[in-house]
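If you want the building blocks of each chain, they are given just below.
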Amino acid sequence: MRLKVSPRLISAIVVGLVVLFFVTQNWGGASVNAKTISSFLVVGIALGGIYAITAGGLVVTYATTGIFNFSHAAIGCFLAFCYWQLTVKQGLPTLVALVITLLVIAPAIGFLLDKVIMRRLRDAALVVQLMVTVGLMLTFMGITLTIWSPKTGRTLPQFFQDTKGVQLGDVTATWHRIITVVIALLVALGLRFLLYRTRLGISMRAVVDSRSLAGLTGAKPSIISGASWALGCMTAGLAGILIAPETGLVVENLTLIIVVASAAAAIAQLKSIPMAFIGGLIIGLSKSFSAVYLEWGTDWTYADEAIPAAILFIALLFLPMARLETGKIRITKRTERLTRPWEAALGAGVMIALVGAWANGWIPWISGTTFGERSTVWLGRGAGFMVIGLIMISLIPLIGWAGQVSFANFAIAGIGAVLFSHFGGQNGDALGIVYVMLVCAPLGLAIALPALRLKGLYLALATMAFAEIADKVIIRHPNMLDPSATGVLFKPVDIFGITISSDPSDRKAFLMFLVVTFSLLFFMLEMLRRSRWARRWIAMSDSPAASATIGVNLTTTKMMVFMLSGAMAGFAGCMFGLQRGALSVDSFPLFAGLPLVLLLAVQGVRYPVAAFMGVIGLASFPALYEVLGKPSWLTAIELIGPGIAAIAMAYRPEGAVFYSGRDLAGLLPWRKDARLEKELMVAKEREQNIGKDEINDMGLTRPFTQDKVAQLDRVLDITDLVDETKMVPTGGAS
Amino acid sequence: MSAILSTQDIVVRFGVLQAVSQASIEVVEGRVTGLIGPNGAGKTTLFNVITGLQEPTAGKVFFDGKDITNKNPFKRARMGIARTFQKLEVFGSLSARENILVAAEQRKTWDRSGFDPNQVCDEILEKVGLSDVSEFMVGTLPTGTARLVELARALASNPKVLLLDEPSSGLNEEETEEMASLLRKLVEEGLGVLLVEHDMSFVMGTCQFIHVLDFGTIIATGTPAEVQANAQVQAAYLGTETVVEAS
Ligand SMILES: Nc1ncnc2c1ncn2[C@@H]1O[C@H](COP(=O)(O)OP(=O)(O)O)[C@@H](O)[C@H]1O
Ligand SMILES: [Mg+2]
């Protein structure tokens, strides 16, 4: 007798029970009658329609270019503000403003992004692809916030605001909502028609499967990918304009729609446009259900906003397991040699010396400024930067080595900080730090668990969803962090005779403690990189299929690195709490964690020293402000910094540390190997670029001759299609 | 001689395409078994089924007398199946030495014979002839050398059966010759090899037994001489005029 229960069924039952629990616990008491049901449906379907539009665009871009665009909603937000500017501010007629926004500005952004950045990313590592779009997201947020200061409130009127709408039973559906649903349907049909019935659309789909296949349909690759991005931006803008009247013209709100779009995209398995629309509807209906029927108590004030993230998590549980793919390996364009122990020790020493010299005022040229004088304010800031450095360094093994892109470590640190206030922080008990690390290790694992069997992008989405849930639900729960409690949550802690606290008199000691700990972690990571653990993680990241065929258990290997990273983030969290002294409930938003990952990735996520360079990068802007006053050009640079970082990553995917390290090492007389390596790599890179240019020159236009196919195959190095004459023995007849 | 590895009526379907149809093959320890056939015949797919990277639509895989059809890839590796890939799957950001070391260290988790991974690694580097480039990142090595790294990595897990997917592509004639003699040496030591290869002189010179796959179906099985004489095989290879013969 066989009784086999499928894991999916178990998941479904568990999820069902959990949802039921939350629904019954927070039932608002509204009676379920025709009136509430119809208002639930009207609101839900309209909201779902908007989500569906943005999700559809996100999926189209991903399916046709292979790049998941985290800046999708931020671009939509920017376009909604553009539209506001044109209509409300400049007084242009609605239709004209719509045409300018959606048919001129949006496609222009799309084509530009494609041309300058995205086209270079097709063969880049997942980390690079993701971080570039995260950088763009922060840039679009920054630009929007600068042009349209958030201090002024703005509202975007609904379409046909002054009309009455349509009476549907007991509720009125405004024309805005009706139009929204109609537009959503039109977009769905339009996208489907475009992708399945037009030549451009067919090429767009073919490009994902194989570049040479796309060529055969007769479209230029550059036009195909440009069109994908333009289409993506247009849907993002449309969704932004439609939703802004509902959520308010607020940058954070509009940008967070990326979580919604990601959840719908996950339901669509990143490829099915109809499913993306259904996903959007599910989320819209869930939110509307919560609004109409549920009454979240004071314990779960913000739970409503975490619904899309929760749905994303649930969707991941039901996705089919990813195959171990072969033939997708990316050729590394770099060389490196293992850092020797003495070099790592030297590096750690230099870090301590640098920070120590600054903290003690031994660096002369910056004295005279409050920065140089090391006011307690600056010592406190310095400690803050080092704490962020600790969070960044926790990502090195996880993202850099094991290739598991996670946006959750800042949230884990947040949870660690809050836990520490319970586990001994309030009594100055250093042992509490150990407890926190013991909790955060499995926590890091738990976040990754639903995505372990899926492909890497889903993990990034899962961690993003977790960061959102942690901020909105976990940290804000009164049992975690009581918002009414005031004063210091963390008493000074004595570790090895050093008192660390946020107290101004302890700050120098705290800073020194942090830099020493940081250097120790740096040294330990460098040694770990030489060990079999790091080797296995890197192997897994380079080729999961090959790792499995030499006997690597991918699941446990991944679990290990998540636990390590989680524990390190938990430690950083304790330091975060001690450095701040107190915590507020809004200390750990998703958007505060993303720049850290970006900063680290720009520096080079494989190299522990990048975390230190990240600290210096963090400190540099405040320091420059201190020294130079506050010149507006510097503000501008800071604003578009993430964008510059994004572009830099597209061109220099290994990160600044790698390229500068290689060049610097080449200057040392005894590092002949570094000079040789650089030559080899430059030659190799040039070789590959020649290949790319050749494809562009060929243009891939019809008629597609046999010659061109052969040429293309050679350029693309398609070994599968070697001529069959090779079957004939050498010297044989032919 | 009984087979250590065998497949039984393997079927693999990709949508409407039947990539492998009822393929049954056998691999015996101590000899090289060839698996040949035109491009797209389903050879790589069959390799993926044997190593667990591809779930078969139907059929069974047996190793060492056990049904391993539903086993994880890593468990099969631990039982003694190793492979190389037609499209390189090296660990590009590790050095050649580390590529092999990873496999040797991994072997520690199931092989309790108390060997030293570093020593195993050095021996294999020597055997495969990679000692000179052992410290280079594999991502920067030429394809031919990277293929040797894959072979060395497969050997480091001390397999009973080794699956090689077009090992000579990207190698020059001299390197191919070295590869052939290395294979002969390995087989003498008792290893069972399943070889997919397009270079016919290589195949005919090293294999003791050959399966021919065409459109997913095994169309011939036998010694090199028998296979070459088979009319169906000759038809499968580019019309019938070109006679496949050993050089
Ligand atoms: N993952 C896959 N999805 C769909 N079709 C596939 C996949 N892998 C291989 N195929 C198809 O299966 C057939 C056999 O491929 P393959 O095993 O690589 O042949 P061979 O190695 O003999 O050249 C080919 O037609 C190929 O296109
Ligand atoms: Mg093949």
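What you see is a predicted model; the values in this text were computed from it and never measured. Here the residue index of a chain counts from 1 through its sequence in written order. Naming scheme: in the order in which they are written, chains are lettered from A and ligands are numbered from 1. Per-residue local features of the predicted model are confined to residues with pLDDT of at least 70, and side-chain atom pairs are confined, for both listing and counting, to 80 or more; whole-chain, interface and lining totals are unaffected and use all residues. To obtain the side-chain values, all non-hydrogen atoms of the structure were included, while hydrogens and water were left out.

Looking at the overall build of chain B
Then step 1. Strands are runs of DSSP state E lasting at least 2 residues, helices are runs of H or I lasting at least 4, and numbering of each runs from the N terminus. If you tally the helices and strands in chain B, you get nine helices and 11 strands.
Then step 2. As defined in this context, the radius of gyration uses C-alpha atoms, and a globule is described by 2.2 Å times the residue total to the power 0.38. Compactness check: chain B gives a C-alpha radius of gyration of 18 Å against a globular reference of 18 Å for 247 residues, within 12% of the reference.
Then step 3. Projected onto the principal axes, the alpha-carbon positions of chain B cover approximately 50 × 40 × 35 Å.
Then step 4. Categorising residues by exposure relies on relative accessible area from a 1.4 Å probe, with only protein chains included: less than 20% of the type maximum marks a residue as buried, more than 50% marks it as exposed, and the intermediate range marks it as partly exposed. Burial statistics for chain B: of 247 residues in total, 61% are counted as buried.
Then step 5. Working rule for contacts: check all heavy atoms of both residues, and any pair within 4.5 Å makes them a contact. Taking the contacts inside chain B whose residues are at least 6 apart along the sequence as the reference set, 65% of them involve residues at least 24 apart.
Then step 6. In short, Shrake-Rupley with a 1.4 Å probe defines the accessible areas, and a residue's cover is counted only from the protein chains shown. For chain B, the computed accessible surface area is about 9,600 Å², with 47% contributed by carbon and sulfur atoms.
Then step 7. Positive charge is attributed to Lys and Arg, negative charge to Asp and Glu, and no charge count is given to His or to the chain ends. In plain terms, the charge of a residue is placed at NZ if it is Lys, CZ if Arg, CG if Asp and CD if Glu. Averaging the coordinates of the 21 positive side-chain charges in chain B and doing the same for the 32 negative ones gives two points 10 Å apart.

Notes on the coordination of the magnesium ion (ligand 2)
All names here are of chain B.
Then step 1. Surrounding the magnesium ion (ligand 2) are the protein donor atoms Thr 44 (OG1) and Gln 86 (OE1), which sit 2.0 to 2.1 Å from the metal. Of this pair, Thr 44 sits in helix α1 (residues 43-51) while Gln 86 sits in the loop between β7 (81-83) and α3 (96-107); the two residues are 42 residues apart in sequence, bridging distant segments of the chain.
Then step 2. Judged by its relative accessible area of 12%, Gln 86 falls in the buried class. The rule for donors is simple: N, O or S, within 2.8 Å of the metal, or within 3.2 Å if the metal is Na, K or Ca. Water isn't counted, so a site may look like it is missing partners.

A word on the domain arrangement of chain B
Residues and elements named next belong to chain B.
Then step 1. What marks off one domain from the next here is an automatic or database domain assignment. Each assigned domain of chain B is listed with its residue range as follows: domain 1 (1-80 + 160-247) and domain 2 (88-158).
Then step 2. Each of domain 1 and domain 2 has a C-alpha centre, and these two points are 24 Å apart.
Then step 3. Contact with domain 1, which involves 17 residues of that partner, is made by 12 residues of domain 2.
Then step 4. Note on definitions: buried area is the accessible-area loss of two parts on being combined, 1.4 Å probe, summed for both. Here domain 1 and domain 2 share an interface that buries about 1,200 Å² over both sides, 67% of which is from carbon and sulfur atoms.
Then step 5. When the area that domain 1 buries against domain 2 is broken down by residue, the three leading residues are Arg 78, Leu 162 and Leu 182, summing to 38%.
Then step 6. Take a side-chain nitrogen of Lys or Arg and a carboxyl oxygen of Asp or Glu: if they are within 4 Å of each other, that pair is a salt bridge. Taken together, domain 1 and domain 2 are joined by one salt bridge.
Then step 7. Of the charged contacts in the structure, one is a salt bridge between Glu 189 and Lys 127, with a shortest N-O distance of 3.3 Å.
Then step 8. Between N or O atoms, a polar contact is any pair within 3.5 Å; within protein, one atom must be a potential hydrogen donor and the other a potential acceptor, and residues adjacent in sequence are included only when both atoms are from side chains. In this structure, the connection of domain 1 to domain 2 is made through three residue pairs in polar contact (both at pLDDT 80 or more).
Then step 9. Looking at the side of domain 1 that touches domain 2, the elements with two or more residues in it are α2 (73-79), β8 (161-165) and α6 (173-188).
Then step 10. Of the residues forming the side of domain 1 that touches domain 2, the biggest block, four residues, is contributed by α6.
Then step 11. Three categories are distinguished: nonpolar for Ala, Val, Leu, Ile, Met, Phe, Trp, Tyr, Cys and Pro, charged for Asp, Glu, Lys and Arg, and polar for the others, with Gly belonging to the last. Within the side of domain 1 that touches domain 2, the residues separate by chemical class into nine nonpolar, two polar and six charged.

Structural notes on the pairing of strand β1 (residues 5-14) of chain B
Working note: regular strand, side chains alternate between the two faces of the sheet.
All names here are of chain B.
Then step 1. Strand pairing is defined by DSSP finding a minimum of two bridges between the two strands. Two elements, β1 and strand β3 (residues 26-27), share two bridges in a ladder whose sense is antiparallel. Following the sheet pairing, Ser 6 is matched in β3 by Glu 26.
Then step 2. Relative to strand β5 (residues 58-63), β1 runs antiparallel, the two being bridged by five bridges. Bridge pairing in β5 places Val 11 opposite Ala 58.
Then step 3. With four bridges joining them, β1 and strand β2 (residues 17-23) adopt antiparallel strand pairing.

What about the site of ligand 1?
Then step 1. We call a residue near a given molecule or strand whenever any one of its heavy atoms falls within 4 Å of it. The environment of ligand 1 is formed by 13 residues, the closest being B:Gly40, B:Gly42, B:Lys43, B:Thr44 and B:Thr45.
Then step 2. This site is not confined to one chain, since residues near ligand 1 come from chains A and B.
Then step 3. The backbone of B:Gly42 places a nitrogen or oxygen atom 2.9 Å from an oxygen atom of ligand 1.
Then step 4. Burial of ligand 1 by the protein amounts to 65% of the accessible area it has alone, namely 560 Å².
Then step 5. Residue assignment for the shell around ligand 1 shows that the elements contributing at least two residues are β2 and α1 of chain B.
Then step 6. Per element, the largest residue contribution to the shell around ligand 1 is three residues, and it comes from α1(B).

Considerations on the sheet that holds β8(B)
Residue and element names in this part refer to chain B.
Then step 1. Taken in spatial order, the six strands make up an open sheet running β7-β8-β9-β4-β10-β11, and their pairing is mixed. In the strand order of this sheet, the two ends are held by β7 and β11 (217-222), each with one partner. Going from strand to strand, the sheet's axes swing by 20° on average, the running direction of each strand aside.
Then step 2. The sheet strands contacting α1 are β4 (32-36), β7, β8, β9 (192-196) and β10 (209-214), and the helix crosses β8 at an angle near 150°.
Then step 3. With axes taken as lines fitted to C-alpha atoms, and helix axes fitted only over the stretch in contact, angles between N-to-C directions fall between 0 and 180 degrees. Sheet contacts for helix α5 (residues 143-156): β7 and β8; angle to β8, the most-contacted strand, approximately 165°.

A few points about a nonpolar patch on the surface
All names here are of chain A.
Then step 1. Each patch is built from residues lacking any salt bridge and having more than 30% relative accessible area; the joining distance is 9 Å for like charges and 5 Å for nonpolar side chains (Val, Leu, Ile, Met, Phe, Trp, Tyr). On the surface, Leu 624, Val 627, Leu 628, Trp 633, Ile 637, Ile 640 and Ile 644 cluster together into a nonpolar patch covering about 610 Å² of accessible area.
Then step 2. Residue assignment for the nonpolar patch shows that the elements contributing at least two residues are α25 (609-628) and α26 (632-651).
Then step 3. Ranked by residues supplied to the nonpolar patch, first place goes to α26 with four residues.
Then step 4. By the element assignment, Val 627 lies in helix α25.
Then step 5. Residue classification places Val 627 among the partly exposed positions, given a relative accessible area of 41%.

Examining the environment of A:Leu145
All names here are of chain A.
Then step 1. When you line up the elements, Leu 145 lands in helix α5 (residues 126-147).
Then step 2. On the accessibility criterion, Leu 145 (27% relative accessible area) is partly exposed.
Then step 3. Distance from Leu 145 to Gly 279, taken between C-alpha atoms, is 30 Å for residues 134 residues apart in sequence.
Then step 4. Among all residues touching Leu 145, those that are not within four sequence positions of it are Pro 150 and Val 251.

Some points on the environment of A:Ala261
Then step 1. Among the structural elements, A:Ala261 can be located in helix α11 (residues 257-267).
Then step 2. When the C-alpha atoms of A:Ala261 and A:Leu528 are compared, they prove to be 38 Å apart, with 267 residues separating the residues in sequence.

Comments concerning the packing of helix α3 (residues 72-89) of chain A against α5(A)
Any two packed helices are characterised by the angle at which their axes cross and by the distance between the axes.
Residue and element names in this part refer to chain A.
Then step 1. Between α3 and α5, whose axes approach to 8 Å, the crossing angle comes to 20°. Classified by the interaxial angle, the pair formed by α3 and α5 is roughly parallel. The crossing of α3 and α5 is left-handed. Seen from α3, the contacting residues are Ala 74, Ile 75, Cys 77, Phe 78 and Phe 81; seen from α5, they are Met 137, Phe 140, Met 141, Ile 143, Thr 144 and Ile 147.
Then step 2. The residue makeup of the contact of α3 with α5, split by class, is 10 nonpolar, one polar and no charged. Small angles under 35 degrees read as roughly parallel and large ones over 145 as roughly antiparallel, with 65 to 115 read as roughly perpendicular and the rest as oblique. Helix crossings get a hand from a simple test, with the near helix turned counterclockwise from the far one by less than a right angle marking a left-handed crossing and a clockwise turn marking a right-handed one.

Topic: the environment of A:Trp296
Then step 1. Relative to the helices and strands, A:Trp296 resides in the loop between α12 (273-293) and α13 (307-318).
Then step 2. When neighbours within four sequence positions are excluded, A:Trp296 is seen to be in contact with A:Phe22, A:Asn26, A:Ser290, A:Ala303 and A:Asp304.

Points about the confidence of the model for chain A
Residues and elements named next belong to chain A.
Then step 1. Along the chain, pLDDT gives the predictor's confidence residue by residue, from 0 to 100. Chain-level pLDDT for chain A is 83 on average; 86% of the residues reach the 70-or-more range.
Then step 2. In the model, residues 693-703 has pLDDT below 50 throughout and makes 23 contacts with residues more than four positions away in sequence or in other chains.
Then step 3. With pLDDT under 50 throughout, residues 717-734 is counted as low confidence; its partners more than four residues away or in other chains account for 24 contacts.

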